[in-house]
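So you can see what is in the structure, the chains are spelled out below.
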Amino acid sequence: MEVNFVFVIGFVSVLVALYIYLTSNNKFFEKFPIPCLPVEPLFGSYRRMLLKRISLTDFIRSSYALFPDAKMYGMFEMLTPMFVIRDPELVKLITVKDFDHFINHRQLISTDSASSNNSSVIFTKALFNLTGQRWRNVRTTLSPTFTGSKMRQMFSLIVECSENMIHSLAHSAQECELKGLFINFTNDVIASCAFGVRLNTFQDRDNVFFRYGKNLTNFGRLHVFLKIMGYQVFPKLMAWLEIDIFDRKHVQFFTELFRHSVQEREQHGIVRLDMIHLLMQANKGKLHHQPQDCEEVESFATAKESNDEKNLPENVVTLSEAEMVAQCLIFFLAGFDIVATSMSFLMYELTIAPDIQQRLYEEILQVSESLDGKSLTYDALQGMRYLDMVVTEILRKWPPNPASDRQCNQDYKVVGEGDAPDIVIPKGAIVSIPIVGLHHDPHIYPDPDRFDPERFNEENRHKIPLGAYLPFGIGPRNCIASRFALMEVKAIVYHLLLHYEFQRCDRTQVPIQLAKGFTPLQAEKGVYLKLKPRQKEQKE
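Here the structure is a predicted model, which means the values were calculated and not measured. (Residues numbered from 1 in each chain as written. Predicted model: local features only at pLDDT ≥ 70, side-chain atom pairs only at ≥ 80, totals over all residues. Heavy atoms only, no water.)

**Student:** An account of the overall build of the protein is requested, with residue identities and associated values reported.
**Tutor:** The helix and strand tally for the protein stands at 20 helices and 9 strands. Expressed as a percentage of the 540 residues in the protein, the buried residues total 56%. Within the protein, counting contacts between residues at least 6 apart in sequence, those at least 24 apart form 75% of the total. (Helix = DSSP H or I, 4+ residues; strand = E, 2+ residues; numbered from the N terminus. Buried < 20%, exposed > 50% of the residue type's maximum accessible area, 1.4 Å probe, protein only. Contact = heavy atoms within 4.5 Å.)

**Student:** Quick rundown of the sheet that holds strand 3 (residues 174-177)? Include the residues and the values.
**Tutor:** Taken together, 3 strands build an open sheet; the order of strands is 3-9-8 and the sheet is antiparallel. Two strands in the sheet have a free side with no partner beyond their single neighbour: strand 3 and strand 8 (500-503). Averaged over all pairs of adjacent strands, the angle between their axes in this sheet comes to 35°, without regard to strand direction. Relative to strand 9 (residues 528-533), strand 3 is paired through 4 bridges, and the arrangement is antiparallel. The partner of E175 across the bridge, within strand 9, is K530. (Pairing = 2+ DSSP bridges. Axes fitted to C-alpha atoms, helices over the stretch in contact; angles between N-to-C directions.)

**Student:** Before we move on, can you summarise helix 12 (residues 248-268) with the specific residues and values?
**Tutor:** With 21 residues, helix 12 extends 30 Å between its outermost C-alpha atoms, agreeing within 8% with the 30 Å of an ideal straight helix rising 1.5 Å per residue. The complete set of buried residues in helix 12 reads H250, V251, F254, T255, L257, F258, S261, V262 and R265. Seen end-on, helix 12 carries its buried residues on one side only, within an arc spanning 165°. Facing away from the buried side of helix 12 by more than 90 degrees, the exposed set consists of R248, Q267 and H268. Here the buried face of helix 12 lies against helix 8 (178-195), helix 9 (208-216), helix 13 (275-283) and helix 14 (321-352). Taken from the residues just after helix 12, G269 is the one with a positive phi, measuring 65°. (Expected span 1.5 Å × (residues − 1). Arc of directions from axis to C-beta.)

**Student:** I'd like to hear about the pattern of salt bridges, residue by residue, with values.
**Tutor:** When their charged atoms lie close together, side chains carrying opposite charge are able to pair. Counted under the stated rule, the structure contains 23 salt bridges. K490 is the salt-bridge partner of D388, the closest N and O atoms lying 2.9 Å from each other. Of the two residues, D388 is situated in helix 17 (residues 385-397) and K490 in helix 19 (residues 482-499); the sequence distance between them amounts to 102 residues. We note that D388, like K490, is buried. Within the structure, one salt-bridge network assembled from shared partners comprises R385, D388, R461 and K490. (Salt bridge = Lys/Arg side-chain N within 4 Å of Asp/Glu carboxyl O.)

**Student:** Got a sec to walk through the pairing of strand 8? Specific residues and values, please.
**Tutor:** In regular strands, side chains alternate between the two faces of the sheet. The side-chain alternation of strand 8 yields one buried face, formed by Y500 and F502, and one unburied face, formed by E501 and Q503. Pairing between strand 8 and strand 9: 4 bridges, direction antiparallel. Across the sheet, the residue bridging to F502 is L531, located in strand 9.

**Student:** Tell me about the packing of aromatic side chains, residues and numbers included.
**Tutor:** Scanning the model with the defined rule gives 28 aromatic pairs in all. Relative to Y378, the ring of F155 has its centre 5.8 Å away and its plane inclined at 75°; by these criteria the two rings are edge-to-face. Of this pair, F155 sits in helix 7 (residues 148-169) while Y378 sits in helix 16 (residues 378-382); the two residues are 223 residues apart in sequence, bridging distant segments of the chain. Residue Y378 is classed as buried on the basis of its relative accessible area, which comes to 6%. Ring centres of F332 and F336 lie 5.5 Å apart, and the angle between their planes is 10°; this geometry places the pair in the stacked category. (Phe/Tyr/Trp six-rings, centres within 6.5 Å; stacked < 30°, edge-to-face > 60°.)

Dropping the structure here:
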């Protein structure tokens, strides 16, 4: 009896200690004059999402809409309190003007515990997870890799992958699930542009890149989900144990591939204008920002560089092999799934709005005729203004990353307007930027659920506040590869619409429903459309 009593007391004590740990921070926002979402033990404000009752995108939109008069509100991501900023001007202050107060992203894996140069945790070496001066140095070293001039050099690789896709479709009418179709394309693009490997996944769906890509981007796998949850609930323990988000076999494969490619190029003087070449050049201090030969038309959606990125540090920052592999892995991760998702939603919206599809096709046809049978060029693509409006609008309506974050590194005062009190965001606090909420704010974008590229024509685009359009983030912490992503999306849209008209089929879901739970943006039942060959193709 005594042993059982001791066991019960011990068990109850553990439960009480766990409850105290899980709820110790629940009253965090009571000392701030801002509204807050309800909070529950362990779940925080995320119960509906973690139990797969709602999608991440819909959760952020609905939460944003609850407090229409607030500049910010509070919520809990499980145990972590977060200040959610819903005012574009305050977003601009935090991410641009007062960036020195919010230099870092919140770290999924702490660099204090796990990211020394000898660490085996490759995830910590990715650019977005770096902090402070190391982030500044690596970002500045890498930024010339993604300038317009470097994208121009890589463009032929993307055109080659686009043409392979068109040839694989055999110009026959067919119904298909677009996400799967586009993942074949993005796999070939990333293999070619990031790792120097020429593939045709449309003919060989069993290639190792494709298999690993599907695994790498599947965050629904139980062991990956548990690792992510572990970093949410016990971050210090997980970091101390050096548990990586990436699977070891994936890291080993890509590391060996990168190492072999570098050795081959150095030994035989091989030059292939892809990301490995640019990383090698950057690492040797041979890559610099260069003035454009001609005035280049930038997409409205392109993330703008800061002046700091154009000035390399006095002493060239040397990247370790692991750091270069980490950048390629993240490039793979983003380019494989996220770009394919954006393409799927874009073709879906063009199908639902056939008048917009027809107008875009007419622009594409005009450009094609001007090329007189030659392959698409970088300059021709950049000059397509309506295509840019369409892509810009899809990134507004369906941003691939529904939210972003920053960590406050010193107390930051938000001055209240009128009689409203000042609010001090304390050092160490997490600030969340609800991108999809801002993108669907009816005061900024009237009738936000309507797909309307005219929001971004020459007359209207200047009316959009700087902090209210954020598909690639904003300020010095924006997405370094926005030009590449935009170039990739536009190139495949050009080739597909030139040869096919997209139509609804029996499996087309209208309106589209999103997959529920803590998952990236994706359609719950896939995006099924019919591809009908253009008449001019049938004549040929």
